Amino acid sequence: MTAIEVKKDVYWVGAVDWNVRDFHGYSTERGTTYNAYLIKDEKVALVDTVKHDFKSDLVHNIRQLMDPADIDYIIVNHVELDHSGSLPMMVDLIKPEKIFCTANGKRAMISHFHREDWPFEVVKTGDEICLGSQTVRFIETKMLHWPDSMFSYLVEEKLLFSSDAFGQHLASSQRFDDQLPLDELLSSAAKYYANILLVFSPLVQKLLAQVKEMGLDIEMIAPDHGPIWRSDPGLIVSSYERWSRQETVNKVLVVYDTMWKSTEKMAKSICAGLENEGVEVRLMSARICHRSDIMAEMLDAKAIIVGSATLNNNIMPRIADILTYVKGLRPLGRIGASFGSFGWSGEAVRQLDGYLEDIGVDVVAEGLRIKNVPDHDGYKKCVELGAAVGRAVIESK
Ligand code: FEO
């Protein structure tokens, strides 16, 4: 790993985390990067830092270019600890003249690091600083991803430092989008959007409209995670426009957990009913599929059918985990239904309907309960449930 010039006098100096597999509940099977950037001008600015455990990578990368003590400014676009964990050490090392951040950023840094004596310089949308030959303009992006978040735009180079937005959890020895397969990039960016930003979709739309209104000419987008978008930054922006509108296709997720395979048998028959109606199906066992992969599929799925056996008068715990997670990310405009096998009390299906309604899913068919093991008639009912949801998906378009 080494510092890399991404634009004239602008360097990537971040860290690659090949090993992280769990990012606050999101499965990062490809690891991630914590991107930080150095702008060298009459005044030198460090844009963001890295997670605490990677501070020596950051310092090593900066030292390839200059003595860190000669950095003048630190720009903190986002205070979440994957970007600021090494900040206290870097502030001690650099002794910056100023730390640029939003008002919420200052509050967040004080409540995280308890250092009111740091040289905070609060900025708001439209404020600019001159580094010499280059200008940095700030754009507040509240809740994308935290209340403190902002973008920094390097005017002369048409380079947007976008913090979490337009990022992805993808460790690589490559730093740029055109060095990686496009389908991999887009599916990884979609998973990131579904798991980090979906809940903020209305704000994403507002921000994209605001950026358009400001007439920012963007040649390159440098996020804080994953590759830098240099070949076609418009592609990730248009993907965000689509994802934030929560556009769906005729696709249905059948998500289930099972005790003795009866609920699984039901799930497979429900899939058959969906397929008969010509909709795309994803059968996802809660034992096999991670909640964040289910969420990634949910990004463009019109419907979710959830199944659980009844366990101790409740739904099965993995299903509760998944539905709680989905609820937090607030997918809009979905339809769904529920099903499950039971032995004697059989509360799960009613509870699943409650969960779905809580998420905001429109339950379009009566939940299907089958005692113990489905017989021929039971299988038929499962196929009918799948077909009913399939038809509702097609009619909803
Ligand atoms: Fe990559 Fe919201 O932190």
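Here's what I pulled together on the structure shown here. Bear in mind the structure is a predicted one, so any value in this text is a computation, not a measurement. Just so you know, the residues in each chain are numbered from 1, in the order the chain's sequence is written. Under the rules for a predicted model, residues below a pLDDT of 70 receive no local features and side-chain atom pairs below 80 are neither given nor counted, while totals for whole chains, interfaces and linings still include all residues. Water and hydrogen atoms play no part in the side-chain values, which are based on all heavy atoms of the structure.

Moving on: the packing of aromatic side chains. Any two of the Phe, Tyr and Trp rings considered here, Trp counted by its six-membered ring, make a pair once their centres fall within 6.5 Å; the pair's planes then place it as stacked at under 30 degrees, edge-to-face at over 60, or tilted in between. Counted according to the given criterion, the structure contains 11 aromatic pairs. Centroid distance phenylalanine 113 to tryptophan 118: 5.8 Å. Interplanar angle 35°. Geometry classified as tilted. Remark: exposure states derive from per-residue accessible area (1.4 Å probe, protein chains only) relative to the maximum for the residue type, with buried under 20%, exposed over 50%, and partly exposed in between. Judged by relative accessible area, phenylalanine 113 falls into the buried class, the value being 16%. Each member of the aromatic cluster is reached from another via a ring pair, and the members are Phe151, Phe166, Tyr193, Tyr240 and Trp243. Lying over the aromatic face of tyrosine 325, arginine 291 brings its terminal NZ or CZ to 5.7 Å of the ring centre. Two conditions define a charge located above a ring, namely a distance within 6 Å from the ring centre to NZ of Lys or CZ of Arg, and an angle within 35 degrees of the ring normal. Residue placement shows arginine 369 over the ring face of phenylalanine 342; its charged tip is 4.4 Å from the ring centre.

Another aspect to go through is the packing of helix 8 (residues 262-276) against helix 12 (residues 376-395). The N-to-C vectors of helix 8 and helix 12 enclose an angle of 45°; their axes lie 6 Å apart at closest approach. Here helix 12 runs oblique to helix 8, going by the angle between their axes. The hand of the helix 8/helix 12 crossing is right-handed. Between helix 8 and helix 12, the residues in contact are Lys265, Met266, Ser269, Ile270, Gly273, Leu274 and Asn276 and Tyr379, Cys382, Val383, Leu385, Gly386, Ala387, Val389 and Gly390, respectively. Just so you know the grouping, Ala, Val, Leu, Ile, Met, Phe, Trp, Tyr, Cys and Pro go in nonpolar, Asp, Glu, Lys and Arg go in charged, and all remaining residues, Gly too, go in polar. Its residues placed into classes, the contact of helix 8 with helix 12 shows nine nonpolar, five polar and one charged. Think of each axis as a best-fit line through the C-alpha atoms, taken over the contacting stretch in the case of a helix, with angles from 0 to 180 degrees between the N-to-C directions. Per the convention used, a helix needs a DSSP run of H or I reaching at least four residues, while a strand needs a run of E reaching at least two, with both numbered from the N terminus. Between 65 and 115 degrees an angle is taken as roughly perpendicular, under 35 as roughly parallel, over 145 as roughly antiparallel, and anywhere else as oblique. By convention, the crossing between two helices is left-handed when the near helix turns anticlockwise from the far helix through less than a right angle, and right-handed when the turn is clockwise. We call two residues in contact whenever any of their non-hydrogen atoms come within 4.5 Å of each other.

Let us now look at the sheet that holds strand 12 (residues 128-130). Any two strands with at least two DSSP bridges between them are considered paired. The strand order 12-13-14-15-16 describes an open sheet built from five strands, whose pairing is mixed. Looking at the sheet topology across the chains shown, the edges are occupied by strand 12 and strand 16 (220-223). Across the sheet, the mean angle from the axis of one strand to that of its neighbour is 20°, orientation sign disregarded. As paired strands, strand 14 (residues 150-154) and strand 15 (residues 159-163) are joined by three bridges and run antiparallel to one another. Its bridge partner lying in strand 15, tyrosine 153 is registered against leucine 160.

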